[in-house]
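What follows is the residue order along each chain.
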Amino acid sequence: EPEVTQTPSHQVTQMGQEVILRCVPISNHLYFYWYRQILGQKVEFLVSFYNNEISEKSEIFDDQFSVERPDGSNFTLKIRSTKLEDSAMYFCASIPTGAAKQYFGPGTRLTVT
Amino acid sequence: GDSVTQMEGPVTLSEEAFLTINCTYTATGYPSLFWYVQYPGEGLQLLLKATKADDKGSNKGFEATYRKETTSFHLEKGSVQVSDSAVYFCALRWGGKLIFGQGTELSVKP
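Student: Help me out: how do you make sense of the environment of Val11(B) in this one?
Tutor: Residue and element names in this part refer to chain B. Along the chain, the position of Val 11 falls in strand β2 (residues 11-14). Since its relative accessible area comes to 12%, Val 11 is described here as buried. On a C-alpha basis, the gap between Val 11 and Trp 94 in space is 29 Å, while along the polypeptide they are 83 residues apart. Leaving out residues up to four positions away in the same chain, Val 11 has contacts with Thr 104, Glu 105, Leu 106 and Ser 107.

The following block contains the structure:
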């Protein structure tokens, strides 16, 4: 079965630095999502993206966050100035049109020190 | 707003025991319902789903029935194995995004 891939698997950064988390969704998928999971807590929706624009975002997704699809394959999440509380597992997901099942990547563990 | 509530964990069972993990939801419409599983150190995998009332999702011996009258989607398995040890997340999908419960950790002892 095709898979969503994410890089890096683990990113360590200092507070205030910018990070870019990368995702390669499944090739014929059109809807893309970012979620995060703070250690020991629930998985939370951050943002959805369709047709090269944000279709929905949560209150977590403030001005420090941005998403981009810079080419035909990558989908990125940028955090401009990381805070300690941004430490979490970040999951990318994608779906083809009209499907219910979201395909999740393995996640990127972000550690902000 | 829409939300999902799961029973608290961790749940510890002996191998071959019966498993129930309760999940209830609050939603303004009729969402699709899901169970995802997260094995240690891994990402989220879809376990099963149900898209309308009275649908039963099933996979790998796990089952859950979409109960509109009780707004529930409880996960069950008749005989758990050590390899079922993981965190289980109930989720609903309305519109595009998934809304997850807090997760229930299951530990199965031999």
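Student: How should I be thinking about the side chain of Gln102(A) in this particular structure?
Tutor: Among the structural elements, Gln102(A) can be located in the loop between β9 (88-95) and β10 (103-104). Residue Gln102(A) is classed as buried on the basis of its relative accessible area of 1%. Reaching out from Gln102(A), the side chain makes a polar contact with the side chain of Tyr35(A) at a distance of 2.9 Å. Within the local environment of Gln102(A), its side chain forms a polar contact with the backbone oxygen of Gly96(B), the two atoms lying 2.9 Å apart.

Student: So what exactly am I meant to see when it comes to the interface of chain A and chain B here?
Tutor: Many analyses report the size of an interface as the accessible area lost when the parts associate. Across the boundary between the two partners, chain A contributes 17 residues, which contact 17 residues of chain B. Of the roughly 1,400 Å² buried where chain A meets chain B, counting both sides, 59% is carbon and sulfur surface. Across the chain A-chain B interface, the total number found is one salt bridge. The salt bridge partner of Lys97(B) is Glu56(A), with a shortest N-O separation of 2.7 Å.

Student: Got a minute to help me understand the sheet that holds strand β3 (residues 19-24) of chain A in this structure?
Tutor: Sheet strands line up and pair through hydrogen bonds in the backbone, either parallel or antiparallel. All names here are of chain A. Strand order in the open sheet formed by four strands is β1-β3-β8-β7, with antiparallel pairing between adjacent strands. Each edge of the sheet is formed by a strand with only one pairing partner; in this case those strands are β1 (5-7) and β7 (65-68). In this sheet, neighbouring strand axes are inclined to one another by 20 degrees on average, regardless of whether the strands run parallel or antiparallel.

Student: Which parts of the structure should I look at to understand the packing of aromatic side chains?
Tutor: Where two aromatic rings form a pair, the distance of their centres and the angle of their planes describe that pair. Scanning the entire structure with this criterion turns up 17 aromatic pairs over all chains. Considering the side-chain rings of Tyr35(A) and Phe45(A), the 5.8 Å spacing of their centres and the 70 degrees angle between planes classify their relative orientation as edge-to-face. Placement of Tyr35(A) in strand β4 (residues 31-37) and of Phe45(A) in strand β5 (residues 43-50) is noted, with a sequence separation of 10 residues between them. Grouping residues by exposure puts Tyr35(A) and Phe45(A) together as buried. Aromatic rings pair up to connect Tyr33(A), Tyr35(A), Phe45(A), Phe91(A), Phe104(A), Phe34(B), Tyr36(B), Phe89(B) and Phe100(B) into one cluster.

Conventions we followed
In every chain, residue numbers begin from 1 and rise along the written sequence. In the order they appear in the text, chains get letters beginning with A and ligands get numbers beginning with 1. Only residues with pLDDT of 70 or above have their local features reported here, since the model is predicted, and side-chain atom pairs are shown and tallied only from 80 upward, although totals for entire chains, interfaces and linings are computed over all residues. Remark: hydrogens and water are excluded; side-chain values derive from all non-hydrogen atoms of the structure. Secondary structure counts use DSSP, requiring at least four H or I residues in a row for a helix and at least two E residues in a row for a strand, with both numbered from the N terminus. Residue burial is assigned from relative accessible area. The probe radius is 1.4 Å, only protein chains are included, and a residue is buried under 20% of its type maximum, exposed over 50%, and partly exposed in between. It only takes one pair of heavy atoms within 4.5 Å for two residues to be counted as in contact. Polar contacts here mean pairs of N or O atoms no more than 3.5 Å apart (in protein, one a potential hydrogen donor and the other a potential acceptor; neighbouring residues in sequence count only if both atoms are side-chain atoms). Note on definitions: buried area is the accessible-area loss of two parts on being combined, 1.4 Å probe, summed for both. Whenever a carboxyl oxygen of Asp or Glu lies within 4 Å of a side-chain nitrogen of Lys or Arg, that contact is scored as a salt bridge. Paired strands, in this sense, are two strands between which DSSP finds at least two bridges. To define axes, lines are fitted to C-alpha atoms, for helices over the stretch in contact only, and angles between the resulting N-to-C directions are given on a 0 to 180 degree scale. Between rings of Phe, Tyr and Trp, where Trp is taken as its six-membered ring, a pair exists when centres lie within 6.5 Å; planes separated by under 30 degrees are stacked, by over 60 edge-to-face, and by other angles tilted.

Read these as layout, nothing more, since geometry by itself doesn't imply function.
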